[in-house]
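Here is how the chains run, residue by residue.
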Amino acid sequence: MNFSLGSFLTAVIVSSFVILLFWILLKHSRMLQRIGIKGALFCIIIVALRLLFPFEVGIGKSLACTVLFPQIVMFLNIPCLSVGSSTFYIYHALYAIWLMGIISSLMRAIILYRRFKKLAYQLPHMMDKHPYEILDKVHKQYSHPVAFQIKQLPGLSNPLIFWSKTPMILLPAINFSDDDLFHILSHEAAHYYNGDFWFKIVMECLCYLYWWNPFVYLLKKQMAMWLEIRADLTATKRMDEQGQIRYLESVVKIAKKQVSSTYDKIPMFFGGTSSSLKQRILFMLHHEESKFVYKHKAHINLFVTIIVSIIICFSFIVVLEPYAILPKHADNTVKFTKETTYLVRNQNEGYDVYVNDEYFATVTQKYDFFSELPIYGDMKEVKGNESH
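Please read these numbers as outputs of a predicted model, since none were measured by experiment. (Residues numbered from 1 in each chain as written. Predicted model: local features only at pLDDT ≥ 70, side-chain atom pairs only at ≥ 80, totals over all residues. Heavy atoms only, no water.)

1. Topic: empty space enclosed by the protein
Applicable threshold: Using protein atoms alone on a 1 Å grid, points that fit a 1.4 Å probe yet trap it form a cavity, whereas open point sets bounded by protein on both sides within 12 Å along at least five of seven lines form a pocket; residues with an atom within 4 Å of a point count as lining. Grid points are joined across faces, edges and corners, and a volume is the space filled by probe spheres set on the points. Per the convention used, a helix needs a DSSP run of H or I reaching at least four residues, while a strand needs a run of E reaching at least two, with both numbered from the N terminus. Note on residue classes: Ala, Val, Leu, Ile, Met, Phe, Trp, Tyr, Cys and Pro are nonpolar, Asp, Glu, Lys and Arg are charged, and everything else, Gly too, is polar.
In total, this model carries 1 cavity of 30 Å³ or more according to the counting rule given. Lining the largest cavity, in full, are Val18, Ile19, Phe22, Cys43, Ile44, Val47 and Leu219. Elements supplying a minimum of two residues to the lining of the largest cavity: helix H1 (5–26) and helix H3 (37–52). Classifying every residue of the lining of the largest cavity by side-chain character gives 7 nonpolar, no polar and no charged.

2. Description of the nonpolar core
Convention followed: Working definition of a nonpolar core: buried Ala, Val, Leu, Ile, Met, Phe, Trp, Tyr and Cys residues. They are joined through side-chain atoms within 4.5 Å. Buried residues are those whose accessible area, probed at 1.4 Å on protein chains only, stays under 20% of the maximum for their type, while exposed residues exceed 50% and partly exposed ones sit between those limits. Working rule for contacts: check all heavy atoms of both residues, and any pair within 4.5 Å makes them a contact.
Phe22, Leu32, Ile37, Leu206, Trp226 and Ile312 are the most contacted members of the largest nonpolar core, which has 50 residues in total. Contact partners of phenylalanine 22, with chain neighbours within four places excluded, come to Lys27, Ala40, Cys43, Gln222, Trp226, Val304 and Val308.

3. Points about the pattern of salt bridges
For side chains of opposite charge, pairing can occur when their charged atoms come near one another. Filter applied, for reference: The salt bridge definition used is simple: a Lys or Arg side-chain nitrogen within 4 Å of an Asp or Glu carboxyl oxygen.
One pass over the structure, following the stated rule, counts 6 salt bridges. Across the salt bridge formed by lysine 220 and glutamate 204, the nearest N and O atoms sit 3.1 Å from each other. Remark: glutamate 204 occurs in helix H8 (residues 196–209) and lysine 220 occurs in helix H9 (residues 214–236); sequence separation between them is 16 residues. In the salt-bridge network here, residues are joined through shared partners; they are Glu228, Asp232 and Arg280.

4. Structural notes on the sheet that holds strand E5 (residues 160–162)
Quick note on the threshold: A pair of strands is treated as paired once DSSP finds two or more bridges between them. Angles shown run from 0 to 180 degrees and are taken between the N-to-C directions of axes, each axis being a line fitted to C-alpha atoms and, for helices, limited to the stretch in contact.
Here 3 strands make up an open sheet; going across it, the order is E4-E6-E5 and the pairing mixed. A single partner strand is all that each edge strand has here, and the edge strands are strand E4 (149–153) and E5. Shown here is a sheet whose adjacent strand axes are inclined to one another by a mean of 35°, direction ignored.

5. Quick word on H3
Using the following cut-off: For a helix, the expected span equals 1.5 Å multiplied by the number of residues minus one.
The end-to-end C-alpha distance of H3, which contains 16 residues, comes to 22 Å, matching closely the 22 Å that a straight helix rising 1.5 Å per residue would cover. Those residues of H3 that sit buried are Ile37, Gly39, Ala40, Leu41, Cys43, Ile44, Ile46, Val47, Ala48, Arg50 and Leu51.

6. Details of the sheet that holds strand E8 (residues 341–345)
Spatial strand order, E10-E9-E8-E11: 4 strands in an open sheet with mixed pairing. A single partner strand is all that each edge strand has here, and the edge strands are strand E10 (358–363) and strand E11 (375–376). Of the strand pairs in this sheet, E8 and strand E9 (residues 351–355) are connected by 5 bridges, and their pairing is antiparallel. Across the sheet, the residue bridging to valine 344 is aspartate 352, located in E9.

7. Some thoughts on the side chain of lysine 151
Short version of the rule: Polar contacts, as counted here, are pairs of nitrogen or oxygen atoms within 3.5 Å of one another; within protein the pair requires one atom able to donate a hydrogen and one able to accept it, and residues that are adjacent in sequence qualify only if both atoms are side-chain atoms.
With respect to the element layout, lysine 151 can be found in strand E4. Of note is the side chain of lysine 151, whose polar atom sits 3.0 Å from the backbone oxygen of alanine 120. Once residues lying within four places of it in the same chain are set aside, the contact partners of lysine 151 are Ala120, Tyr121, Leu123, Pro124, His125, Met126, Met168, Ile169, Leu170 and Leu171.

8. A closer look at the packing of H8 against H9
The condition is simple: An angle below 35 degrees is read as roughly parallel, one above 145 as roughly antiparallel, one from 65 to 115 as roughly perpendicular, and any other as oblique.
For the pair H8 and H9, the least separation of the axes is 10 Å and the interaxial angle reads 170°. In terms of axis orientation, H8 runs roughly antiparallel to H9. Counting all contacts with H8, which are made through Asp196, Phe199, Lys200, Met203, Glu204, Leu206 and Cys207, the residues of H9 involved are Val216, Tyr217, Leu219, Lys220, Met223, Leu227 and Arg230. Grouping the amino acids of the contact of H8 with H9 by side-chain chemistry returns 9 nonpolar, no polar and 5 charged.

Everything listed here is a matter of geometry and, on its own, says nothing about what the molecule does.
Right, dumping it as structure tokens:
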């Protein structure tokens, strides 16, 4: 694999296009139900991997780009500072800014995480055994249950799960009914058993690496919402219709009690905005209906994932490269076209190149850029076919 400016920009442009396309198509719950949460998350994985590996494969082919791309490259190669025999260009400055942004974002996340981790470990365990009794009911849904700690944190806006050696479910310091507590614990446990932590890790890494790309944050927002919906589906898959309605009532009730909190900005946590809450509820309300309406959802799911995979794989093979002729070389440049140029085989098994009926040069082999030009055996054949 090779890394170049062309391969990097190709990865960013193609991935951003797919993210924008997904945001437009899947912001409505009906369309999301047709594709399915698994299909949507699989596409996110593919896009994330493309951004994490902005390379081109050895068998790749360059695609000459004459619009905007050459101007960008010329701008990046403008000298901005000379120190002794070394010259620094615009792209050196941008690399430095990019690196400082990565370090700054990463350090901030680590500091916030460590502070919150210290706070979480200092919290006392809930003395009331009743929440653990409810959690035991949740664990019965899983074949390999894991021991959770349950703690309360004053000032927390909404329940969340904190990943550590022993997973910890943190609750706001308010009173919940048994029904609401069962639904909360079911939802947070579903995040753990679904392995959502690893999705969050990859997405956080992408946000640190591409902190300047707004499409990555759009992808993060989409993924967070889809993981919330998947946790809802996992938590309610053994409930009847009345149980699912009570679950949604708990979700709405808890959302109404939410207040802004500094803890919401800690990485690796799960929380929903009002817009994602609306889509979660609509998705759940129409989920059972969609099983019958979208009978061919598996085929749609497979089709979309194949299309996205092809687009991403194509970006590994075909890479955009800038193509432009410098003004100082323009007068001495000849453009080969099938209207003005043709080749004539010579006696030395090579080709004589003619431009506007005038001899230009001799080549020993037929290059790729000659593939569309007419080739003749001798000058008699030229006179019989070329009319100028």
